[in-house]
Amino acid sequence: MENKTFLQIVAEDLLNRFGRNLSNITVVFPGKRANLFLNQELAYLSQEPVWTPRYMTIGDMFQDLSPYETADPIDCICTLYQIFHQLMGKDDKETLDQFYGWGEVILSDFDDIDKHMKNAKDVFRNVHELIEYDNVDYLEQEQINILSHFFENFSPEKNTELKKRFLKIWQNMYPMYCSLKEHLGNSGILYEGASFRLVAE
């Protein structure tokens, strides 16, 4: 018995169910490359001209179903920076250049939370509790030296100050998450994960 590829099975199924005119059919793939190979399978199996289906990615499908445009990531990070500044208060001296790398990570985390349909409030509360009760007493000197190499301001003596700053940031993660979505939504745009979540819900 011949082993068929997934795309061969899909091509056979489409032709058996809908014939050679597939112009009213939409096929959703994870990415864009598969449509070329499915077209080859359809042509090979039919041995005649075929009206190919419409192809779209999962991202395209969600975008079509969402009432919002997808926000530009740079605009998202700039908006996030403004929100971050408002929440952290006047004591925070971080420039946009300094924040940008952080912003990318935060935006990626927000995107993951929404794409996985997680409760953001619970996620940030749990992480905050973890940080709040953490300390560096368990670190050996070699580990402290390694951390010091990566974090210039890190030392066991400065741990309290660093912890305060991290706690303040994590206390504000959920408000940042909510404010970003609200601010973008009011402009008719959302980052990809938020748009996907809206459609799924």
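Reading the values: rules and limits
- Residues numbered from 1 in each chain as written.
- Predicted model: local features only at pLDDT ≥ 70, side-chain atom pairs only at ≥ 80, totals over all residues.
- Heavy atoms only, no water.
- Salt bridge = Lys/Arg side-chain N within 4 Å of Asp/Glu carboxyl O.
- Helix = DSSP H or I, 4+ residues; strand = E, 2+ residues; numbered from the N terminus.
- Buried < 20%, exposed > 50% of the residue type's maximum accessible area, 1.4 Å probe, protein only.
- Pairing = 2+ DSSP bridges.
- pLDDT = per-residue confidence, 0-100.
- Contact = heavy atoms within 4.5 Å.
- Expected span 1.5 Å × (residues − 1).
- Arc of directions from axis to C-beta.
- Disulfide = S-S within 2.5 Å.
- Axes fitted to C-alpha atoms, helices over the stretch in contact; angles between N-to-C directions.
- Parallel < 35°, antiparallel > 145°, perpendicular 65-115°, else oblique.
- Left-handed = near helix turned anticlockwise from the far one by under 90°.
- Nonpolar A, V, L, I, M, F, W, Y, C, P; charged D, E, K, R; others polar.

Let's talk about the pattern of salt bridges
Where side chains of opposite charge bring their charged atoms close, a pairing between them can arise. One pass over the full model with this rule turns up 9 salt bridges. Of the charged contacts, one joins Arg17 and Asp13 as a salt bridge, the two residues approaching to 3.0 Å between their closest N and O atoms. On the criterion of helical spacing, the pair formed by Arg17 and Asp13 is a turn pair, its members being 4 residues apart in helix α1 (residues 6-18). A relative accessible area of 57% places Arg17 in the exposed class. We note a salt bridge from Lys115 to Glu192, for which the minimum N-O separation is 2.5 Å. One end of the pair, Lys115, is in helix α5 (residues 96-115); the other, Glu192, is in helix α10 (residues 192-200), with 77 residues separating them in the sequence.

Here's the deal with the pairing of strand β1 (residues 26-29)
Only one face of β1 is covered, namely the face carrying Val27 and Phe29; the face carrying Thr26 and Val28 is uncovered. Strand direction decides the pairing type here: β1 and strand β2 (residues 54-57), joined by 4 bridges, are parallel. Across the sheet, Val28 pairs through a bridge with Met56, a residue of β2.

Considerations on the confidence of the model for the protein chain
Residues at a pLDDT of 70 or more form 79% of the protein chain, whose mean pLDDT is 84. For residues 150-156, every residue scores under 50 in pLDDT, and the model assigns this stretch 10 contacts once sequence neighbours within four places are set aside.

Notes on helix α2 (residues 34-46)
In this model, α2 (13 residues) spans 18 Å end to end at C-alpha, consistent with the 18 Å of a helix rising 1.5 Å per residue. The set of residues buried in α2 consists of Leu38, Glu41, Leu42 and Ser46. One side of α2 holds all its buried residues, which, seen down the axis, span an arc of 115°. On its buried side, α2 packs onto α1, β1 and β2.

What about the state of the cysteines?
Under the criterion given, the structure shown has 0 disulfides. Of all cysteine sulfurs, the one in Cys78 lies closest to Cys76, which takes part in no disulfide; the gap is 9.4 Å. Cys78 sits in the partly exposed class, given a relative accessible area of 29%.

So, the packing of helix α4 (residues 73-88) against helix α9 (residues 173-186)
The packing of two helices is summarised by the inter-axis angle and the distance between the axes. At a closest axis distance of 10 Å, the pairing of α4 and α9 adopts a crossing angle of 130°. Taken together, the axes of α4 and α9 lie oblique to each other. α4 and α9 meet at a crossing whose hand is right-handed. On α9, the residues that touch Cys76, Thr79, Leu80, Ile83, Phe84 and Leu87 of α4 are Pro175, Met176, Ser179, Leu180, His183 and Leu184. Here the contact of α4 with α9 is built from residues that sort into 9 nonpolar, 3 polar and no charged.

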